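Spelled out from the first residue to the last, the chains are:
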Amino acid sequence: MNKIDDFYYKINLIETNDLPKGWAEEIENLVDRYSTAVFLDGNNPTSREPEETRGMTYHVITGDIIKKSLGWLYELYASRILEIANTISEEVYVADNDLVYAININALKKVGDRYERHVDTEELSAVLFVTDQDDIHGGQLLFHLKEDLIAIYPKSGDLILFDARLVEHEVTALKMDRYRISIPMGYYKKDTQTDSNDEIKSYLYQ
Ligand SMILES: [Fe+2]
């Protein structure tokens, strides 16, 4: 990731005119209609949650529904964001051929909702933030570096790219009943993609 100063790269897709008018409302409406609750018990190879705090529920919409319902969002994943990934890195990345896993919409809804500390398995991860998350809202993305904790304050339209296999991360608890929506996406290096790990998939989507 030669153009990544730190361990992640950030670009705002509103400023680059890559998001259609009303995009955030469309995504929120989809969350209202199609998101399903999933319980994570912390018993998974990618979980890094301490034993005493394991067990949390989040809401998800999988890529198959996204492609059917918000075609522009799937296209953004498969073309423009892929292009950004390939611009900032010396690697050549491709979209995940497993549609369910390739792009998701994750939603936290109520005070106390959070996402467990974990790593991911894809070779490059991108996250598009839909909602703003200031201090009063909670829902920051917290990176656990060796010596440091770094909090990212999600801003609507911000896209970050990073190697989520290497950096443990979590989402801090919401401080109020207000949607926190983000869109995680996965890419693989060309020619190295293998079938997604079934154990992880059944854990994340049940
Ligand atoms: Fe992640």
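Now for a quick tour of the structure.

What counts, and at which threshold
- Residues numbered from 1 in each chain as written.
- Predicted model: local features only at pLDDT ≥ 70, side-chain atom pairs only at ≥ 80, totals over all residues.
- Pairing = 2+ DSSP bridges.
- Helix = DSSP H or I, 4+ residues; strand = E, 2+ residues; numbered from the N terminus.
- Axes fitted to C-alpha atoms, helices over the stretch in contact; angles between N-to-C directions.
- Buried ≥ 20, exposed ≤ 12 C-beta atoms within 10 Å, placed from the backbone.
- Core = buried A, V, L, I, M, F, W, Y, C linked by C-beta atoms within 7 Å.

## Overview of the sheet that holds strand E11 (residues 168–171)
Spatial strand order, E6-E11-E8-E9: four strands in an open sheet with antiparallel pairing. Each edge of the open sheet carries a strand with a single partner, namely strand E6 (115–118) and strand E9 (149–152). Pairwise comparison of adjacent strand axes, ignoring direction, gives a mean angle of 15° for this sheet. As paired strands, strand E8 (residues 141–144) and E9 are joined by four bridges and run antiparallel to one another. Each residue of the ladder has a partner; that of Leu142, found in E9, is Ala151.

## What to know about unusual backbone geometry
Of note in this structure, Asn17 is not a glycine but carries a positive phi near 60°. Mapped onto the fold, Asn17 is located in the loop between strand E1 (8–12) and helix H1 (23–34). The exposure class assigned to Asn17 is exposed, which follows from the 7 C-beta atoms found within 10 Å.

## Focus on the nonpolar core
With 44 residues, the main nonpolar core has Tyr77, Ala126 and Leu161 as its most contacted residues. Per-element accounting of this core gives the leading share, six residues, to helix H3 (residues 71–88).

## As for the environment of Arg33
Its location among the elements puts Arg33 in helix H1. Sequence-wise, Arg33 and Ile61 are 28 residues apart; in three dimensions their C-alpha atoms are separated by 9.7 Å.

## What about the pairing of strand E3 (residues 56–61)?
Pairing analysis gives five bridges linking strand E2 (residues 36–40) to E3, with the strands arranged antiparallel. Note on E3: the bridge partner recorded for Val38 is Tyr58. As paired strands, E3 and strand E5 (residues 105–108) are joined by three bridges and run antiparallel to one another. Its bridge partner lying in E5, Ile61 is registered against Ile105.

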